[in-house]
Amino acid sequence: MTNSQFEALADLTSLRRSKTRMGAYAVLVEGLNQPQAAQGVGVSQQAISKAVRRIKEAKRLAIKV
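This structure is a prediction, so every number in the text was calculated from the model and none was measured.

About the cut-offs
- Residues numbered from 1 in each chain as written.
- Predicted model: local features only at pLDDT ≥ 70, side-chain atom pairs only at ≥ 80, totals over all residues.
- Heavy atoms only, no water.
- Core = buried A, V, L, I, M, F, W, Y, C linked by side-chain atoms within 4.5 Å.
- Buried < 20%, exposed > 50% of the residue type's maximum accessible area, 1.4 Å probe, protein only.
- Helix = DSSP H or I, 4+ residues; strand = E, 2+ residues; numbered from the N terminus.
- Contact = heavy atoms within 4.5 Å.
- Axes fitted to C-alpha atoms, helices over the stretch in contact; angles between N-to-C directions.
- Left-handed = near helix turned anticlockwise from the far one by under 90°.
- Nonpolar A, V, L, I, M, F, W, Y, C, P; charged D, E, K, R; others polar.
- Phe/Tyr/Trp six-rings, centres within 6.5 Å; stacked < 30°, edge-to-face > 60°.
- Polar contact = N/O pair within 3.5 Å; in protein donor to acceptor, adjacent residues only side chain to side chain.
- Salt bridge = Lys/Arg side-chain N within 4 Å of Asp/Glu carboxyl O.

### A few points about the nonpolar core
Here is step 1 of the chain: Ranked by internal contacts, the top residues of the largest apolar core, which has 16 residues, are F6, A24, V27, L28, I48, V52 and I55.
Here is step 2 of the chain: The greatest single-element share of this core, amounting to five residues, is contributed by helix 4 (residues 45–64).
Here is step 3 of the chain: Each residue touching A24, except ones within four places of it in the same chain, is listed here: F6, I48, A51, V52 and I55.

This is the structure in structure tokens:
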């Protein structure tokens, strides 16, 4: 996923600018795994997982349109 795709999808899902958003970015754009991203930004893996899932779902729905 590109930076601009991530930013657009994160905004669509109302994912506020936070450590969780930074972690989701690390997973979806930079290619880190969720535990690495969670540790890197200082949040739980569960929080990263939830954010990644929200963004992937938004992407799936956007592709359908």
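### Regarding the packing of helix 2 (residues 19–28) against helix 3 (residues 34–41)
Helix-helix packing is described using two parameters, namely the angle between the two axes and the distance between the axes.
Here is step 1 of the chain: It is at 9 Å that the axes of helix 2 and helix 3 come closest, and there the two elements cross at 145°. At the point where helix 2 passes helix 3, the crossing takes the right-handed sense. Contacts between helix 2 and helix 3 involve K19, M22, G23, A26 and V27 from the former and Q34, A37 and V41 from the latter.
Here is step 2 of the chain: Broken down by class, the residue content of the contact of helix 2 with helix 3 amounts to five nonpolar, two polar and one charged.

### Section: the packing of aromatic side chains
Here is step 1 of the chain: Overall, the coordinates contain one aromatic pair when judged by the stated rule.
Here is step 2 of the chain: Considering the side-chain rings of F6 and Y25, the 5.2 Å spacing of their centres and the 85° angle between planes classify their relative orientation as edge-to-face. Of this pair, F6 sits in helix 1 (residues 3–12) while Y25 sits in helix 2, and the two are 19 residues apart along the sequence.
Here is step 3 of the chain: Residue class for F6 comes out buried when judged on its relative accessible area of 1%.
Here is step 4 of the chain: Relative accessible area serves as the criterion here: at 21%, Y25 is assigned to the partly exposed category.

### Some details on helix 2
Here is step 1 of the chain: Of all ten residues that make up helix 2, seven are buried, and the element is covered over most of its length.
Here is step 2 of the chain: Among the residues of helix 2, T20, R21, G23, A24, A26, V27 and L28 are the ones counted as buried.
Here is step 3 of the chain: In the core, the buried residues of helix 2 are packed alongside helix 1, helix 3 and helix 4.
Here is step 4 of the chain: With a side-chain oxygen positioned 3.3 Å from the backbone nitrogen of T20, the residue opening helix 2 is S18.

### A few points about the pattern of salt bridges
Here is step 1 of the chain: With the rule as written, the count across this model stands at four salt bridges.
Here is step 2 of the chain: One salt bridge in this structure joins R21 and D11, with 3.1 Å as the shortest N-O distance. Remark: D11 occurs in helix 1 and R21 occurs in helix 2; sequence separation between them is ten residues.
Here is step 3 of the chain: It is possible to trace a salt-bridge network through shared partners that takes in E7, D11, R17 and R21.

Without other data, these values stay purely geometric and don't point to any function.
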